[in-house]
Structures are given as C-alpha cells and as structure tokens.
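Notes for the structure review
Here is how the chains run, residue by residue.
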Amino acid sequence: MSSNDFDSIGSINIGPIDPRELRADERAVELDYYVAVLLMEATADAADHEPLYEESFVLLKAESEEEAAEKAAYHGKQQQTSYQNENHELITWKLKQVVEVKPLEDATFDDGTEIYSRFFRNYQAYSSFEPLTEEEA
C-alpha cells in the first residue's frame, strides 16, 4: 500500500475512549457556575449551650446542578470540625443542610452582579431573624 491508500481510508472507530487517557485540552468540558446555600450547626457539650447556626453561600463550578449539589454536600462535610473552646467544652460544627443549589444566571462578576436571591411570603418571620455580629459569635 502506498501512502495515498492510507489517505483514502479515513478515520477508524476504535470504540469508546477512557476520558482519563485524553489530554486536558481534549476533555475540556464547559463548566457552569452555581451558588450553594449551606447551613452549618455548632453544638457543645455544655448543659446550657444553645446551638449556633451559620448560613454560607458557596460558589461552585460544575457540569450540572446534580454535580453542584454533590460538590456542595462534600464542601459542607469538609467544613465539619470539633475542638475545645477556652472553657474546655467540646464544640462540634456539622453540616445541617444543603439548603439550595442554584445556577448563576450571570457569571460575569461585575459590580452589582446578583449571586443569590430567594422569594418568601412571611415577612414577620424573616424580620425576626437577626444575624449575630462578629462580637457575638
């Protein structure tokens, strides 16, 4: 066979390719931005302890909302920790809930870009929620 004979054959399908064998630029996938709302809870072994909660907004890049939800849960679990405070009480932070995962509609991150919003009807309940200041935490 001459080299011209190979040119006329064209490509040959050799079956599925393991994506791990592709170069990074060959397996590049379009990732979208998502925001996850995580609720963490701190408990203590002190008898008079009231739980402390932290709501955090986490930026994630994922191929799908399902993957973003998995990454949000993983991130929240990575934040879990226990330690003794200055009173020798055991403080434990745990992921209580992944509240929500939403795609970002505008991922330009310019001044004024909306990162997260939600709708609610009970303004009285909303207004009764008062976040702690840094001094109170």
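Below you will find a few notes about this structure. (Residues numbered from 1 in each chain as written. Predicted model: local features only at pLDDT ≥ 70, side-chain atom pairs only at ≥ 80, totals over all residues. Heavy atoms only, no water.)

**Remarks on the pairing of strand 4 (residues 90–103)**
To keep things clear, this is the line we draw: Pairs of strands are assigned from DSSP output, requiring at least two bridges between the strands. Numbering of helices and strands runs from the N terminus, with a helix taken as a DSSP run of H or I at least four residues long and a strand as a DSSP run of E at least two residues long.
Summarising the sheet, strand 1 (residues 32–44) and strand 4 pair through 11 bridges and their orientation is antiparallel. Counterpart to alanine 36 in the pairing with strand 4 is valine 101. Note: strand 3 (residues 81–84) against strand 4, 4 bridges, orientation antiparallel. Bridged to glutamine 84 within strand 4 is leucine 90. Counting the residues in the hairpin turn of strand 3 and strand 4 gives 5 residues, including histidine 88, whose phi is positive at 65°.

**Section: the packing of aromatic side chains**
To be explicit about the condition: To pair, rings of Phe, Tyr and Trp, with the six-membered ring standing in for Trp, must have centres within 6.5 Å; the planes then decide the type, stacked if under 30 degrees apart, edge-to-face if over 60, and tilted in the middle. Burial status follows relative accessibility: with a 1.4 Å probe on protein chains alone, a residue under 20% of its type maximum counts as buried, one over 50% as exposed, and anything between as partly exposed.
Here the structure, examined in full by the defined rule, presents 4 aromatic pairs. Seen in terms of ring centroids, phenylalanine 120 and tyrosine 126 are 4.5 Å apart; in terms of plane orientation they differ by 20°. Their pairing is stacked. Overall, the relative accessible area of 45% leaves tyrosine 126 in the partly exposed class. Three or more aromatic residues joined by ring pairs form one cluster here, namely Phe120, Tyr123 and Tyr126.

**What to know about the nonpolar core**
For the record, the criterion: In these notes, a set of buried Ala, Val, Leu, Ile, Met, Phe, Trp, Tyr and Cys residues joined through side-chain atoms within 4.5 Å is what counts as a nonpolar core. Two residues form a contact once any of their heavy atoms are found within 4.5 Å.
With 15 residues, the main nonpolar core has Tyr34, Ala36, Leu38, Leu60, Ala68, Ala72 and Val101 as its most contacted residues. Mapped by element, the contributors of at least two residues to this core are strand 1, strand 2 (52–62), helix 2 (65–78) and strand 4. When residues in this core are grouped by element, the largest group, 6 residues, is from strand 1. The residues touching alanine 72, leaving out its near neighbours within four places in the chain, are Ala36, Leu38, Leu60, Val98 and Val101.

The analysis is restricted to geometry; functional conclusions fall outside its scope.
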